[in-house]
Amino acid sequence: PMVEPKRGLSQEEVNRLPDGRARTYLSVKLPLRRANNSIYALCGISTDITEQRQFAQEIHQLAYYDPLTHLANRRQMIERLHQLLADPAAGLHQHALLLVNLDNFKDLNDTHGHNLGDHLLQQMAQRLSGCARAEGQQHIGQRIGRIDRRGRLRLRCGSGRGGAEGGKGILD
């Protein structure tokens, strides 16, 4: 919270309603002072900002994740790569970038329909995510480029396994 002694306090607060739903409020509290500057009361106002927070979360999801696979998109991958390259501590760990190309995906999509193509993409996304979770790696899966490409950025790979070995689990 932002506290300014003479002006008051402005902070977000999450409150639960009797039915269990959570609501987020922006609360501003101002001290009321006497002539000698002592505080004799607190005046406050709260505004329900739940919808704004939900909209902000939806905008973030649309900006950084693919709606079909729920993998991070190109924008997020580029931002994460920039963060990784700018972090001096990142040099202390091994990292790998794995690009996956689904051969003949366009032909499959054109001949068998988009529903089957979408199902295949969702299955690949599950494999990318599941493989990294099983290995205990910090990872981020991406949907990048054209519809038939996927990438996976593995952060802090174990010292005994490189990106090539770690990628084998996706093909299995």
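Conventions used here
- Residues numbered from 1 in each chain as written.
- Predicted model: local features only at pLDDT ≥ 70, side-chain atom pairs only at ≥ 80, totals over all residues.
- Heavy atoms only, no water.
- Helix = DSSP H or I, 4+ residues; strand = E, 2+ residues; numbered from the N terminus.
- Salt bridge = Lys/Arg side-chain N within 4 Å of Asp/Glu carboxyl O.
- Buried < 20%, exposed > 50% of the residue type's maximum accessible area, 1.4 Å probe, protein only.

Visitor: How should the environment of Gln-123 be read in this particular structure?
Guide: Inspection of the secondary structure assignment puts Gln-123 in helix H4 (residues 114–134). A sequence separation of 54 residues divides Gln-123 from Thr-69, and the C-alpha atoms of the two residues are 8.5 Å apart.

Visitor: Would you explain the pattern of salt bridges in this entry?
Guide: Side-chain pairs of opposite charge can arise whenever the charged atoms involved come near each other. Counted according to the given criterion, the structure contains five salt bridges. We note a salt bridge from Glu-12 to Arg-53, for which the minimum N-O separation is 2.2 Å. A residue pair is termed long-range when its members are at least 10 positions apart, and Glu-12 in strand S2 (residues 8–16) and Arg-53 in helix H1 (residues 50–64) qualify at 41 residues. Taking the relative accessible area as the measure of exposure, Glu-12 reaches 43% and is therefore partly exposed. Under the relative-accessibility criterion, Arg-53 is labelled partly exposed at 38%. Of the charged contacts in the structure, one is a salt bridge between Lys-106 and Asp-110, with a shortest N-O distance of 2.8 Å. In this pair, Lys-106 and Asp-110 are both assigned in helix H3 (residues 105–112), four residues apart and thus about one turn of the helix distant.

Visitor: Looking at this structure, how should I read unusual backbone geometry?
Guide: Peptide bonds are mostly trans, and most non-glycine residues show a negative phi. Phi at Asn-37 is positive, roughly 80°, even though this residue is not glycine. Checked against the element boundaries, Asn-37 lands in the loop between strand S3 (22–33) and strand S4 (39–48). On the basis of relative accessible area, Asn-37 is assigned to the partly exposed category, the value being 43%. Phi is positive for Asn-104, close to 60°, though the residue is something other than glycine. Among the structural elements, Asn-104 can be located in the loop between strand S6 (94–101) and H3.

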